[in-house]
Amino acid sequence: MTRRLAEVAKKVGVSQATVSRVLNGRTGVSDATRQAVLTAIDVLGYERPTQLRGVRARLVGLVVPELQNPIFPALAEGVGGALVQLGFTPVLCTRTAGGLTEAEYVTMLLDQQVSGVVFCGGLSTQEYGQLLGRGVPVVLLNAAVDFSALPPTLLVDPVHGSKLGFPQVSTDDHAAVEQAFTHLWALGHRRISLLVGPAEHMPSRRKAEAFARLCARTGTDPRGRIGHALFSFEGGQAAAHELLATGATALICGSDIVALGAARAARRLGLEVPHDVSVVGYDDSAFMNYTDPPLTTLRQPIDAMARAAVQLLLGQIDGGTPTPKELLHEPELVVRGSTAPPRAPGGRLLEGARLTRV
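Per chain, residue numbering runs from 1 following the sequence as it is written. Local features in this predicted model are restricted to residues whose pLDDT is 70 or higher, and side-chain atom pairs enter the listing and the counts only when it is 80 or higher, whereas totals over whole chains, interfaces and linings include all residues. The side-chain quantities take in all heavy atoms of the structure and omit both hydrogens and water.

1. Remarks on the overall build of the chain
Here is step 1 of the chain: A run of H or I in DSSP counts as a helix once it spans at least four residues, and a run of E counts as a strand once it spans at least two, with each numbered from the N terminus. The helix and strand tally for the chain stands at eleven helices and twelve strands.
Here is step 2 of the chain: Taking all 358 residues of the chain together, 49% fall into the buried category.
Here is step 3 of the chain: A contact between two residues is defined here by any heavy atoms of the two lying within 4.5 Å. Sequence-distant contacts, at least 24 apart, represent 68% of the contacts inside the chain between residues at least 6 apart.
Here is step 4 of the chain: A total of about 16900 Å² of accessible surface is found on the chain, and carbon and sulfur atoms cover 54% of it. Only protein chains enter the accessibility calculation, which uses a 1.4 Å probe; a residue whose area is less than 20% of its type maximum is buried, one above 50% is exposed, and one in between is partly exposed. Working definition of accessibility: Shrake-Rupley area with a 1.4 Å probe, residue cover restricted to the visible protein chains.

As structure tokens, this is what we get:
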């Protein structure tokens, strides 16, 4: 116990006597110091005394599905920085092979009496119900929920009859696909394909819906033009190989990592990016300006989305009533070297709109 007191005291920068007063519920300690001690106990992984377990820590869980995809470290950095400025301590929970699942992380965070949770990525029915039942403030960041797949009992408050759910902050997937499609169409591409994540992934479903509408508007058939892949370099390469075999001259991808895999697939087939195949990514992750060729991509406004998510969470922590509304942020098409007019059969560039680079 003495060693634990010393560790907590060192982390907070107070005396062991102060830590002892907090743990025993004694007076003579400021609210800020008391909260700092409780937060340090949670961060160090120690159990609070029974009488203090009902007190919310100034900890906020940040649950991400992985860190291999650069978009998730970027989201974590944005949210974490905003939380620290407001006096909260972010707790990063990421799924790894052989490690805790997202559901297990949720249980752990609830046991630690966190002030709230920001979810980046999917949210299962079990997690949704668990969080609703505990009344913990939650915001979904780029983690839209498919409410149609949830039991009706989870969607309506049985007492007041009001709609249940969590605030959501997302990039407008429909606008993103339309920007990319319009850009490629203006360059002269008529065999455009879409390569997104798993079919059950809500943002991927939204992109597929937008793509199908654009195909209908331009009089093209979307059948055989939509591919699904894991969000990985290898997944993008494998799925792109199939789409390119159908004669696609342009690929709109659901992430930058998938887009890089698609570019590798094109090269393996002896095709040149961008003149044989144009590739558009999604996210504008770090270093996409330094790939060969630099990747045309749809930039997500990470900082603005992170700030919005934290403000929505703070409103709940301060006693506000959560509403299942979704804030959609507009993406930005960043044109680089991976898109160009397609070649005609004879090797000439097709006539059409000229490419303006930024």
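Still more ground to cover, so stick around.
2. Brief notes about helix 10 (residues 256-268)
Here is step 1 of the chain: The terminal C-alpha atoms of helix 10, which comprises 13 residues, lie 18 Å apart, in line with the 18 Å expected from a rise of 1.5 Å per residue.
Here is step 2 of the chain: Taken together, the buried positions of helix 10 are occupied by Asp-256, Ile-257, Val-258, Ala-259, Gly-261, Ala-262, Ala-263, Ala-265 and Ala-266.
Here is step 3 of the chain: Summarising the contacts, the buried residues of helix 10 are in contact with strand 6 (192-196), helix 9 (233-245), strand 8 (250-253), strand 9 (278-283) and strand 10 (296-299).
Here is step 4 of the chain: Remark: Gly-270 follows helix 10 within two positions and exhibits a positive phi of approximately 80°. Between the first and last residue of a helix there are one fewer steps than residues, each counted as 1.5 Å, and that sum is the expected span.

3. Details of the environment of Pro-49
Here is step 1 of the chain: Along the polypeptide, Pro-49 turns up in the loop between helix 3 (31-43) and strand 1 (59-64).
Here is step 2 of the chain: Using a relative accessible area of 21% as the deciding quantity, one classes Pro-49 as partly exposed.

4. Things to note about the sheet that holds strand 3 (residues 116-120)
Here is step 1 of the chain: Paired strands are those between which DSSP finds at least two bridges. Taken in spatial order, the six strands of this open sheet run 2-1-3-4-5-11, and their pairing is parallel. Unpaired on one side and paired on the other, strand 2 (89-94) and strand 11 (326-329) mark the two borders of the sheet. For this sheet, the mean inter-axis angle between neighbouring strands, taken without regard to orientation, is 20°. Helix axes are fitted only over the stretch in contact, all axes being lines through C-alpha atoms; the angle between N-to-C directions runs from 0 to 180 degrees.

5. Points about the packing of aromatic side chains
Here is step 1 of the chain: What counts as a ring pair is set by centres within 6.5 Å for rings of Phe, Tyr and Trp (its six-membered ring), and what kind of pair is set by the plane angle: stacked under 30 degrees, edge-to-face over 60, tilted for all other angles. For the structure shown, the criterion picks out three aromatic pairs.
Here is step 2 of the chain: Both rings, one in Phe-287 and one in Tyr-290, keep their centres 6.5 Å apart while their planes meet at 55°; by these two values the pair is tilted.
Here is step 3 of the chain: Should the NZ of a Lys or the CZ of an Arg lie within 6 Å of a ring centre and within 35 degrees of the ring normal, that charge is described as sitting over the ring. The ring of Phe-88 has Arg-58 sitting right over it, with the charged end atom 4.0 Å from the ring centre.
Here is step 4 of the chain: Above the plane of the ring of Trp-185 lies Arg-190, whose end atom (NZ or CZ) is 3.9 Å from the centre.

6. Focus: helix 11 (residues 302-317)
Note: α-helices contain 3.6 residues per turn, so residues at a spacing of three or four share the same orientation.
Here is step 1 of the chain: With 16 residues, helix 11 ought to run about 22 Å at 1.5 Å a step, and its terminal C-alpha atoms sit 22 Å apart, in line with that.
Here is step 2 of the chain: Among all positions of helix 11, only Ile-302, Met-305, Ala-306, Ala-308, Ala-309, Val-310, Leu-313, Leu-314 and Gln-316 are buried.
Here is step 3 of the chain: In this fold, the buried residues of helix 11 make contact with strand 1, helix 4 (71-85), strand 3, strand 4 (138-141), strand 5 (168-171) and strand 11.
Here is step 4 of the chain: At the exit of helix 11 stands Gly-319, carrying a positive phi of roughly 105°.

7. Structural notes on the sheet that holds strand 6
Here is step 1 of the chain: Taken in spatial order, the six strands line up as 7-6-8-9-10-12 in an open sheet, and their pairing is mixed. The sheet terminates laterally at strand 7 (226-228) and strand 12 (332-334), the two strands that pair on one side only. Pairs of neighbouring strands in the sheet enclose a mean axial angle of 20°, with direction left out of account.
Here is step 2 of the chain: Bridge analysis of strand 9 against strand 10 gives four bridges, and the strand direction is parallel. When the sheet's bridge partners are listed, Asp-283 is paired in strand 10 with Arg-299.
Here is step 3 of the chain: In the packing of helix 10 onto the sheet, the strands contacted are strand 6, strand 8, strand 9 and strand 10, and the crossing angle to strand 9 comes to about 160°.

8. As for the pattern of salt bridges
Here is step 1 of the chain: The term salt bridge refers to a pairing of a side-chain nitrogen on Lys or Arg with a carboxyl oxygen on Asp or Glu at a separation within 4 Å. Scanning all chains against the criterion turns up ten salt bridges.
Here is step 2 of the chain: Here Arg-3 ties to Glu-7 by a salt bridge, and the two come within 2.6 Å at their closest N and O atoms. Residue Arg-3 and its partner Glu-7 are both found in helix 1 (residues 2-12); the two are separated by four residues, about one turn of the helix.
Here is step 3 of the chain: According to the relative accessible area criterion, Arg-3 is exposed, its value standing at 55%.
Here is step 4 of the chain: Assessed through its relative accessible area of 28%, Glu-7 is described here as partly exposed.
Here is step 5 of the chain: Between Asp-221 and Arg-223 there is a salt bridge whose closest N-O contact spans 2.8 Å.

9. Considerations on the side chain of Thr-39
Here is step 1 of the chain: Locating Thr-39 in the fold gives a position in helix 3.
Here is step 2 of the chain: Given a relative accessible area of 9%, Thr-39 falls into the buried group.
Here is step 3 of the chain: What Thr-39 contacts, discounting residues up to four positions off in sequence, is Arg-58, Leu-59 and Thr-89.

10. Some remarks on the nonpolar core
Here is step 1 of the chain: Grouped together as the largest cluster of nonpolar side chains are 24 residues, with contacts concentrated most on Leu-75, Val-79, Val-118, Cys-120, Leu-141 and Val-169.
Here is step 2 of the chain: Those elements that place two or more of their residues in this core are strand 1, helix 4, strand 3, strand 4 and helix 11.
Here is step 3 of the chain: Looking at this core, the element that brings in the most residues is helix 11, giving eight residues.
Here is step 4 of the chain: Each residue touching Cys-120, except ones within four places of it in the same chain, is listed here: Leu-62, Val-63, Val-64, Pro-65, Phe-72, Leu-75, Leu-141 and Ala-143.
Here is step 5 of the chain: Residues belong to a common nonpolar core when they are buried Ala, Val, Leu, Ile, Met, Phe, Trp, Tyr or Cys residues joined through side-chain atoms within 4.5 Å. Core analysis: the next-biggest nonpolar cluster, separate from the first, contains 20 residues, Leu-195, Leu-244, Ala-265 and Val-279 among them.

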